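Residue strings, one per chain:
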Amino acid sequence: GAVVSQHPSWVICKSGTSVKIECRSLDFQATTMFWYRQFPKQSLMLMATSNEGSKATYEQGVEKDKFLINHASLTLSTLTVTSAHPEDSSFYICSASKTGLWEAFFGQGTRLTVV
Amino acid sequence: GESVGLHLPTLSVQEGDNSIINCAYSNSASDYFIWYKQESGKGPQFIIDIRSNMDKRQGQRVTVLLNKTVKHLSLQIAATQPGDSAVYFCAETLDKAAGNKLTFGGGTRVLVKP
């Protein structure tokens, strides 16, 4: 199978602090991983494309200095929400694909609540 | 400000009946389409996919239909079960060279009544 794991599953942080979310492909290597954000009762919105060994590509309207992405290995990408504010509270989901294949495998998501 | 799509469309279906979920996609150049199921608090789960060179594909209890002329995708679930209650999203890939960068549709909530 192809398993993508996110950690933590949920996190509560104080406004102004930073939070790191990890996305790991457990049994395959992923050159590219994607980060999505999902607000309640809404669809998934792509935030950025994370490429191993290079800078992430951000979608229009996503602040790269606020949402720091690091893809240091073929099995791990991290998303750091810096100086989090209540409006950053959301469900963050990553996906990864096996090289050369179409299918994307999603993590279980991380619920971020900023208080 | 208020966001579009705060209320997902809901399909209520009796257990055992067939469900049809529709999706309009945006880009006629999209080459690959996928249906995902998302249960509350979880990530999307792959259901079935279809390439643009096909118009129908069947899986176990599910069928996806693609009409490129009107840019329409549908998911049919046969003999809907309580475990099928979830939100269903269609997704499209615009460019194979971009890997699996997906654009998601708005989603439909399916409620299965016992």
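Residues numbered from 1 in each chain as written. Chains lettered and ligands numbered in written order. Predicted model: local features only at pLDDT ≥ 70, side-chain atom pairs only at ≥ 80, totals over all residues. Heavy atoms only, no water.

A short note on the overall build of chain B
The helix and strand inventory of chain B stands at 0 helices and 10 strands. Secondary structure of chain B in N-to-C order comes out as β-β-β-β-β-β-β-β-β-β. Out of the 114 residues in chain B, the part that is buried amounts to 40%. Taking as baseline every contact in chain B between residues at least 6 positions apart, the subset at least 24 positions apart corresponds to 53%. Carbon together with sulfur atoms contributes 47% to the accessible area of chain B, which is approximately 6,000 Å² in total. (Helix = DSSP H or I, 4+ residues; strand = E, 2+ residues; numbered from the N terminus. Buried < 20%, exposed > 50% of the residue type's maximum accessible area, 1.4 Å probe, protein only. Contact = heavy atoms within 4.5 Å. Areas by Shrake-Rupley, 256 points an atom, 1.4 Å probe, with all protein chains shown as cover.)

Some details on the pattern of salt bridges
Using the criterion set out here, one finds 7 salt bridges over all chains in the structure. Between Glu22 of chain A and Arg24 of chain A there is a salt bridge whose closest N-O contact spans 3.5 Å. Note on Glu22 of chain A: relative accessible area 23%, which makes it partly exposed. Overall, the relative accessible area of 35% leaves Arg24 of chain A in the partly exposed class. Measuring nitrogen to oxygen at the nearest pair gives 3.1 Å for the salt bridge that ties Glu59 of chain A to Lys101 of chain B. With one member in each of two chains, Glu59 of chain A in the loop between β6 (57-58) and β7 (67-73) and Lys101 of chain B in the loop between β8 (86-93) and β9 (102-104) form a pair that bridges those chains. Classification of Lys101 of chain B by relative accessible area gives partly exposed; the value is 31%. (Salt bridge = Lys/Arg side-chain N within 4 Å of Asp/Glu carboxyl O.)

Description of the packing of aromatic side chains
A full pass over the atoms with the stated rule returns 10 aromatic pairs over all chains. For the ring pair Phe106 of chain A and Tyr36 of chain B, a centre distance of 5.1 Å and an interplane angle of 80 degrees mean the geometry is edge-to-face. Placement of Phe106 of chain A in strand β10 (residues 104-106) and of Tyr36 of chain B in strand β3 (residues 32-38) is noted, with the two residues assigned to different chains. A single burial state applies to Phe106 of chain A and to Tyr36 of chain B, both of which are buried. Between Phe106 of chain A and Phe104 of chain B, the aromatic rings sit 5.9 Å apart at their centres with planes inclined by 75 degrees, giving edge-to-face as the arrangement. With Phe106 of chain A in strand β10 and Phe104 of chain B in strand β9, this residue pair bridges two chains. Summarising the burial analysis for this pair, Phe106 of chain A and Phe104 of chain B share the class buried. The rings of Tyr36 and Phe106 of chain A together with Tyr36, Phe46, Phe89 and Phe104 of chain B are connected pair by pair, giving a single aromatic cluster. Across from the ring centre of Phe67 of chain A, 6.0 Å away, lies the NZ or CZ of Lys66 of chain A, which sits over that ring. (Phe/Tyr/Trp six-rings, centres within 6.5 Å; stacked < 30°, edge-to-face > 60°. Lys NZ or Arg CZ within 6 Å of the ring centre and 35° of its normal.)

Focus: the sheet that holds β7 of chain A
In a beta sheet, neighbouring strands are held together by backbone hydrogen bonds and run either parallel or antiparallel to one another. All names here are of chain A. Across the sheet, 4 strands lie side by side as β1-β3-β8-β7; this open sheet has antiparallel pairing. The open sheet has two free edges, formed respectively by β1 (4-7) and β7, since each of these has just one partner strand. Neighbouring strand axes in the sheet, compared pairwise and without regard to direction, differ in orientation by 15 degrees on average. Pairing analysis gives 5 bridges linking β7 to strand β8 (residues 76-81), with the strands arranged antiparallel. Note that in β8 the partner of Phe67 across the bridge is Val81. (Pairing = 2+ DSSP bridges. Axes fitted to C-alpha atoms, helices over the stretch in contact; angles between N-to-C directions.)

Remarks on the pairing of strand β11 (residues 110-114) of chain A
Residues and elements named next belong to chain A. Side chains of β11 alternate between two faces, with Thr110, Leu112 and Val114 buried and Arg111 and Thr113 left unburied. The pairing of strand β2 (residues 10-13) with β11 spans 4 bridges and is parallel. Note on β11: the bridge partner recorded for Cys13 is Val114. Judged from the 3 bridges that link them, strand β9 (residues 90-97) and β11 form a sheet pairing that is antiparallel. Residue pairing across strands places Ser90 opposite Leu112, the latter belonging to β11.

Observations concerning the interface of chain B and chain A
With 25 residues of chain B at the contact, the number on the chain A side is 20 residues. Of the roughly 1,900 Å² buried at the junction of chain B and chain A (both faces included), carbon and sulfur atoms supply 57%. Connecting chain B to chain A are 5 residue pairs in polar contact (both at pLDDT 80 or more). Mapped by element, the contributors of at least two residues to the side of chain B that touches chain A are β3, β4 (45-51), β8 and β9 of chain B. When residues in the side of chain B that touches chain A are grouped by element, the largest group, 3 residues, is from β3 of chain B. Class assignment for the residues of the side of chain B that touches chain A results in 11 nonpolar, 9 polar and 5 charged. (Buried area = accessible area lost by both parts, 1.4 Å probe. Polar contact = N/O pair within 3.5 Å; in protein donor to acceptor, adjacent residues only side chain to side chain. Nonpolar A, V, L, I, M, F, W, Y, C, P; charged D, E, K, R; others polar.)

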